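# Chains, contacts and geometry: an overview
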Amino acid sequence: ALFVWLAPLSKAFLAPNNHFLKCQGRPHIQRCHDRLLAREKSNNADLHQEETVDVVVVGAGIGGLACGGLTSKYGLKTICVEAHDTPGGVAHSFSRYSSASKRTPFRFDSGPSLITGLSKKSTNPLRQVLDALETADDIDWKTYDGWVIWDYADGKSIKLTTGDGGEFEKAIEEKEGVASRLAFEKFKAEILKDGGLAEVSAYIPPFALRAGNAILSFVAIFQYLIKILSIGTKGLLLTGPFTKTMDLYSMHDPWVRKFFDYLAFALSGVDASNTQGAPVAYMMSDLHRPGAVLDYPMGGMESLINALVKGMEKHGGELRLNSRVERFLLEEDKETGSVCCRGVELQDGSRIKATKAVVSNAPLWNYARILNDSVDMDNPSDQMVQVVQSIQDQADAMTMTRSFMHLHLGIPKEGLPDDLECHHSVLNFDLPVTDEQNMSIISIPTVFDPTLAPEGYHIIHAYTAASDSFDDWVPFQEETGKVGVSPNSGAAQSYNKKPGYRELKAQKAEALWKAVEFVIPDIRNRAKQEGSVVLVGSPLTHRRYNQRYRGKHSFLMGWYSGAFCCVFRSYIFNFDLKAHMVLV
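Residues numbered from 1 in each chain as written. Predicted model: local features only at pLDDT ≥ 70, side-chain atom pairs only at ≥ 80, totals over all residues. Heavy atoms only, no water.

If you tally the helices and strands in the protein, you get 18 helices and 22 strands. For the protein, the residues scored as buried account for 60% of the 584 residues in total. Residue pairs at least 24 apart in sequence account for 75% of intrachain contacts in the protein once pairs closer than 6 positions are excluded. For the protein, the accessible surface area stands at approximately 23,500 Å², while carbon and sulfur atoms represent 52% of it. (Helix = DSSP H or I, 4+ residues; strand = E, 2+ residues; numbered from the N terminus. Buried < 20%, exposed > 50% of the residue type's maximum accessible area, 1.4 Å probe, protein only. Contact = heavy atoms within 4.5 Å. Areas by Shrake-Rupley, 256 points an atom, 1.4 Å probe, with all protein chains shown as cover.)

Right, here's the structure in full:
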């Protein structure tokens, strides 16, 4: 997603009596040393090594680190295992050196970097996690007032300025005329009014919603009971498609509806007709309330991930990198007929057993594939096969969003304007926002933090926003029967050597070069200069480093009755894989 924004509720598989979730961090200067130690520990592991903890968390993305941090905070001995040598999942960072400097690398964000609601206490669940872990103040935030949207259709740009000063509305009028401005202003007023959809979408803080003891859960939620009751029929708008909200409030202006398709796509990878009303309404408040700002973590997204890691470790949790899960340790309870997960087996053969819970932050397809690998096919039980198949059926029924092309650049900044904006979107408003490669997202974080690159250089990250099909890349992947292999293994890199791969990658990256040219017209010449860095990533790159099935972004979250969408998606199970879907 373009925004690190978390809606108030989350869908999860949850076993009874599980405690809530938490997270962790670590200084940048220790990173290389820690990776080497982790790799050595993994390589030298006893194949029969076994240990027992309270909770095992699979995957050190934002959701996994939040979970591991909170379970640690509440006294559960927790280990978070990650296949990559770097934590962060799709939000991890990486470094590259060039002749520009032997001491200072280019430090790139690999994924999202446009953030709201984290620089101060708010209803953003991720901010609440950081506050709970007591590491929120470890991050130095740069706040700013918006981003630029470029339109291929007419070559014009418009700045989405945050706050309630009317700058964005004026920009709409300059680009599209008075009618579009008035339509947007009227609709915004309906969404943001007292008791309106934006306010209702943030009524209940996520930490008031918890599993476990029924009495404690009721006490936690009771203070919000009046607000819950006041939601009334707005609940249908919150959980229904955002187009339903636009229709109800007579929002028929063509450009404004296209804008909300764009905003929805940035949030969820689908247009407004397939995105819930809740996250879009919440984002309207985040963008247009008085004093609203956007946030960027100084030091890059790595600083945010480090704060999560630090929070987990601060409370006794442990992060293990280069620790790919190959199997869940499944058992059948003969008395109850339920299928239980008792832990995980790693790629090196070592086992970690869990007495309380195993939490899978892996994407649903990865989760289902690992479960299939976990069934003993020499002696399978009917119940275990049935339970695992039911989860596979869920995965098969989910519609995937598409994948990404990435372009990471380190370029000389001499001659570029001092007031260059950090974030840009480039798309053709005359085409559906969902068209392949229609929308590109661009980030230039050295505008805020020059230390992310050698002196005199900018870094740029451009990517097609979940709009690249994986089908063209299938001939180049090695089918292992698994979602992927360890990211740094030789097998993981085999696609690089196949005939035609580099040519296809250059062809598909052309959309990104053209998008960046809107912002920096001579970008191709700058990229050829001494000391520059050019890195092109394909959906296979995304699949390799982020362990994403078919290099996809997520499932098509869309809308469904009874639950908001959320980036914190974890499948939590122990001891019953048939645990019902609940809201946490």
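Within this structure, the stated rule accounts for 25 aromatic pairs. Centroid distance Phe94 to Phe108: 5.4 Å. Interplanar angle 35 degrees. Geometry classified as tilted. Here Phe94 is found in strand 5 (residues 93-98), whereas its partner Phe108 is found in strand 6 (residues 101-109), with 14 residues between them in sequence. Taken individually, Phe94 and Phe108 each receive the classification buried, so the pair is uniform in this respect. Plain terms: the ring middles of Phe476 and Tyr501 are 5.8 Å apart, the flat faces sit at 70 degrees to each other, and that makes the pair edge-to-face. Here Phe476 is found in the loop between strand 19 (457-464) and helix 16 (501-519), whereas its partner Tyr501 is found in helix 16, with 25 residues between them in sequence. Each member of the pair, Phe476 as well as Tyr501, carries the same accessibility label: buried. Here a set of aromatic residues connected by ring pairs shows up, and it is made of Phe168, Phe184, Phe187, Phe242, Tyr249, Trp255, Phe259, Phe260, Tyr262 and Phe429. (Phe/Tyr/Trp six-rings, centres within 6.5 Å; stacked < 30°, edge-to-face > 60°.)

With that settled, the discussion passes to the side chain of Asp253. The topology assignment puts Asp253 in the loop between helix 10 (242-248) and helix 11 (254-268). As a buried residue without a salt bridge, Asp253 has its nearest oppositely charged side chain in Arg257, at a separation of 8.8 Å. A polar contact is formed between the side chain of Asp253 and the backbone nitrogen of Trp255, at a distance of 3.1 Å. Setting aside its immediate chain neighbours within four residues, Asp253 contacts Ala179, Ser180 and Ala183. (Lys, Arg positive; Asp, Glu negative; His and termini not counted. Salt bridge = Lys/Arg side-chain N within 4 Å of Asp/Glu carboxyl O. Polar contact = N/O pair within 3.5 Å; in protein donor to acceptor, adjacent residues only side chain to side chain.)

What follows deals with the sheet that holds strand 17 (residues 423-427). What the seven strands build is an open sheet, ordered 10-9-17-18-19-16-20; its pairing is mixed. Of all strands in the sheet, those bounded by a partner on one side alone are strand 10 (157-161) and strand 20 (533-537). Adjacent strand axes in the sheet meet at a mean angle of 20 degrees when their direction is disregarded. Where strand 17 and strand 18 (residues 440-443) come together, four bridges link them in antiparallel fashion. Following the sheet pairing, His423 is matched in strand 18 by Ser443. (Pairing = 2+ DSSP bridges. Axes fitted to C-alpha atoms, helices over the stretch in contact; angles between N-to-C directions.)

A separate point is unusual backbone geometry. Phi is positive for Glu134, which is not a glycine, with a value near 65 degrees. Considering the arrangement of structural elements, one finds Glu134 in the loop between helix 3 (125-133) and strand 8 (141-144). A positive phi angle is found at Ser250, which is not glycine, with a value near 55 degrees. Looking at the secondary structure, you find Ser250 in the loop between helix 10 and helix 11.

Enumeration according to the criterion identifies 29 salt bridges in this entry. With a closest N to O distance of 3.0 Å, Glu134 and Lys314 form a salt bridge. Of the two residues, Glu134 sits in the loop between helix 3 and strand 8 while Lys314 sits in helix 13 (residues 301-314), which places them 180 residues apart along the sequence. Given a relative accessible area of 45%, Lys314 falls into the partly exposed group. The salt bridge partner of Lys508 is Asp472, with a shortest N-O separation of 2.9 Å. Of this pair, Lys508 sits in helix 16 while Asp472 is found in the loop between strand 19 and helix 16, placing the two residues 36 residues apart along the sequence.

Bringing the pairing of strand 16 (residues 406-412) into the picture now. Of all seven residues that make up strand 16, seven are buried, and the element is covered over most of its length. Neither face of strand 16 is exposed, since His406, His408, Gly410 and Pro412 on one face and Leu407, Leu409 and Ile411 on the opposite face are all buried. Two strands pair when backbone bridges link them, and strand 16 and strand 19 are joined in this way by seven bridges, in the antiparallel orientation. Note that in strand 19 the partner of His406 across the bridge is Tyr463. In the sheet, strand 16 pairs with strand 20 via five bridges, with the strands oriented antiparallel. What sits directly across from Leu407, in strand 20, is Val536.

Before going further, it helps to examine helix 12 (residues 277-288). Every α-helix winds through 3.6 residues per turn, so residues three or four apart in the chain are directed the same way. With 12 residues, helix 12 should reach 16 Å at 1.5 Å per residue; the first-to-last C-alpha distance of 16 Å fits that figure. With 11 of 12 residues buried, helix 12 is to be regarded as a mostly interior element. When we look at burial in helix 12, the residues that qualify are Gly277, Ala278, Pro279, Val280, Ala281, Tyr282, Met283, Met284, Asp286, Leu287 and His288. (Expected span 1.5 Å × (residues − 1).)

Looking at the element boundaries, Asp138 is found in the loop between helix 3 and strand 8. What makes Asp138 partly exposed here is its relative accessible area of 40%. In this structure the side chain of Asp138 is engaged in a polar contact, spanning 2.7 Å, whose partner is the side chain of Lys310.

Here we take up the packing of helix 2 (residues 62-73) against helix 13. Interaxial distance between helix 2 and helix 13 falls to 8 Å at its minimum, and their mutual angle equals 25 degrees. One element, helix 2, and the other, helix 13, form an angle in the roughly parallel class. The chirality of how helix 2 crosses helix 13 is left-handed. Contacts from Ile62, Leu65, Gly68, Gly69 and Ser72 in helix 2 reach Ile305, Leu308, Val309 and Met312 in helix 13. Among the residues making up the contact of helix 2 with helix 13, the classes are represented as six nonpolar, three polar and no charged. (Parallel < 35°, antiparallel > 145°, perpendicular 65-115°, else oblique. Left-handed = near helix turned anticlockwise from the far one by under 90°. Nonpolar A, V, L, I, M, F, W, Y, C, P; charged D, E, K, R; others polar.)

As a further point, take the pairing of strand 13 (residues 325-332). Both faces of the sheet carry side chains from a regular strand, because those side chains alternate between them. Bridge analysis of strand 13 against strand 14 (residues 339-346) gives seven bridges, and the strand direction is antiparallel. Paired with Arg327 across the two strands is Glu345, which belongs to strand 14. What sits between strand 13 and strand 14 in their antiparallel hairpin is a turn of six residues, with Gly337 showing a positive phi close to 80 degrees.

For the pair helix 14 (residues 364-374) and helix 15 (residues 382-397), interaxial distance at closest approach is 9 Å and the crossing angle is 155 degrees. Comparing their axes, helix 15 and helix 14 come out roughly antiparallel. Helix 15 is crossed by helix 14, and the crossing has left-handed handedness. Residues Leu364, Trp365, Tyr367, Ala368, Arg369, Leu371 and Asn372 of helix 14 lie in contact with helix 15, whose contacting residues are Val388, Ile391, Gln392, Gln394 and Ala395. In terms of residue class, the contact of helix 14 with helix 15 is made up of eight nonpolar, three polar and one charged.

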